[in-house]
Amino acid sequence: MTEQEFDLAEYLTNGVENIVKGAVRATLKDPRESAFMARYALASRESSRRRAALEAQGEHIPPFLIASITSSCNLHCAGCYARENHSCSDETAYAQLTAEEWEAIFREAKELGVGFILLAGGEPMMRWDILQKAAEIPEILFPVFTNGTLMTDRYLQLFDRARNLIPIFSIEGDERKTDERRGAGVYQGLLRGMDRMKENHLMFGASVTVTTSNLNEVVSDGFLSMLRERGCKVVIYVEFVPVTEDSAELAPQDGERAFLGRTLTELRERYPEMLFISFPGDEKSSGGCLAAGRGFFHINSHGGAEPCPFSPYSDINVRDTSVREALHSRLFTALQDGDVLMEDHAGGCVLFERKAQVEALLSAE
């Protein structure tokens, strides 16, 4: 399929509509959640209209932003890309964007037509001040990717008041696999957090890092039935990106990706009350990798605009410019105009695998 034949804007709009429809369907049995999702569906259509208007003027705006709102984390997960990239630490990090700076980013993104901002870290629930700011922008859906260890009454009250904040608990499969990667006792803590969300009639999801080791388990009826019984409404499968040569064999290859794609189609039919999302998904059907502003982009905790969390390279900082200008950075433009995003790769992430090419583009005059 040529670039001329592939309509990226239409592909992304259809994808967003499918996600919103799935979320509405997943909340039908809960009046408050259903009412919020119905309102959000209207806001999402307005976001699509804004993106379409800019597209007609020759300016492409992606519907998704990944915001790493802190580089601090209270866990040491095995194979963590953020620690490997030195963008995550135990220390209270300095020179990070303030809550007011993030609020300005969120509000500008809304005006541009960004409808989803994924809050990541580090551990995003270590930044109560920023989550409070996000709560004030109901036109944007904020999935909060959390290790689940900081779920307090204060957060439960915030999630009850601000339905646009949706905790997404990171889980690796069963207790052994989860605790092996995230630390002893984390799995049981996750279950307690999920149970508290269900008791308070709050929507939440699960994020699963998919590897060659856990693929069969995390799409099994046993695993998914457990999540459903605890009230989970969203399951996001994230393909593992190897950060060291020793872990390369854990990255899903074409065969595993094809199996996951087929299985997700079946799961959506068997579990209609749950929403299933795959990241990065089938790059062949999306015309290549969606990073660097094609479908999403990343802003790190210090304001650097990066193609993707797995590709921590930046030539522009939103502290010094606008989100809109950052989307037109020299690096993003070079990646979109070149062939790197369209290249085949062994597994995980083409930008991580081709990091020498990305570094060359970054240093080019």
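No experiment lies behind these values; they were computed from the predicted model shown.

(A) Representation of the packing of aromatic side chains within the structure. Going through the model one piece at a time under the given rule, you end up with eleven aromatic pairs. Measuring from centroid to centroid gives 6.2 Å for tyrosine 271 and phenylalanine 276, while their planes differ by 65 degrees, and the two rings are edge-to-face. This pair shows no difference in class: tyrosine 271 is buried, exactly as phenylalanine 276 is. Put simply, the rings of Phe36, Tyr40, Phe64 and Phe116 touch in pairs and so form one group of aromatic residues.

(B) How the structure looks around the packing of helix H7 (residues 175-182) against helix H8 (residues 186-199). At a minimum axis distance of 8 Å, the contact between H7 and H8 shows a crossing angle of 110 degrees. Taken together, the axes of H7 and H8 are roughly perpendicular relative to one another. Across the interface between the two elements, Glu175, Thr178, Asp179 and Arg182 of H7 pack against Val186, Tyr187, Gln188 and Leu190 of H8. Of the residues in the contact of H7 with H8, the class split is three nonpolar, two polar and three charged.

(C) Region of interest: helix H2 (residues 31-56). Between its terminal C-alpha atoms H2 stretches 38 Å, which fits the 38 Å expected from 26 residues at 1.5 Å a residue. Along H2, the residues classified as buried are Glu33, Ser34, Phe36, Met37, Tyr40, Ala41, Ala43, Ser44, Ser47, Ser48, Arg51 and Leu54. Between the side-chain oxygen at the start of H2 and the backbone nitrogen of arginine 32 there is a gap of 3.1 Å, and the oxygen is on aspartate 30. Two residues or fewer after H2 comes glycine 58, characterised by a positive phi angle close to 90 degrees.

(D) Local environment of the pattern of salt bridges. Applying the stated rule across the entire model yields 23 salt bridges. One salt bridge in this structure joins arginine 319 and glutamate 101, with 3.1 Å as the shortest N-O distance. You can see arginine 319 sitting in the loop between strand E9 (305-306) and helix H12 (323-326) and its partner glutamate 101 sitting in helix H4 (residues 99-112), a full 218 residues away along the chain. Under the relative-accessibility criterion, arginine 319 is labelled partly exposed at 36%. In this structure, aspartate 160 engages arginine 163 in a salt bridge whose closest nitrogen and oxygen atoms are separated by 2.7 Å.

Cut-off values and rules
Residues numbered from 1 in each chain as written. Predicted model: local features only at pLDDT ≥ 70, side-chain atom pairs only at ≥ 80, totals over all residues. Heavy atoms only, no water. Phe/Tyr/Trp six-rings, centres within 6.5 Å; stacked < 30°, edge-to-face > 60°. Buried < 20%, exposed > 50% of the residue type's maximum accessible area, 1.4 Å probe, protein only. Axes fitted to C-alpha atoms, helices over the stretch in contact; angles between N-to-C directions. Helix = DSSP H or I, 4+ residues; strand = E, 2+ residues; numbered from the N terminus. Parallel < 35°, antiparallel > 145°, perpendicular 65-115°, else oblique. Contact = heavy atoms within 4.5 Å. Nonpolar A, V, L, I, M, F, W, Y, C, P; charged D, E, K, R; others polar. Expected span 1.5 Å × (residues − 1). Polar contact = N/O pair within 3.5 Å; in protein donor to acceptor, adjacent residues only side chain to side chain. Salt bridge = Lys/Arg side-chain N within 4 Å of Asp/Glu carboxyl O.

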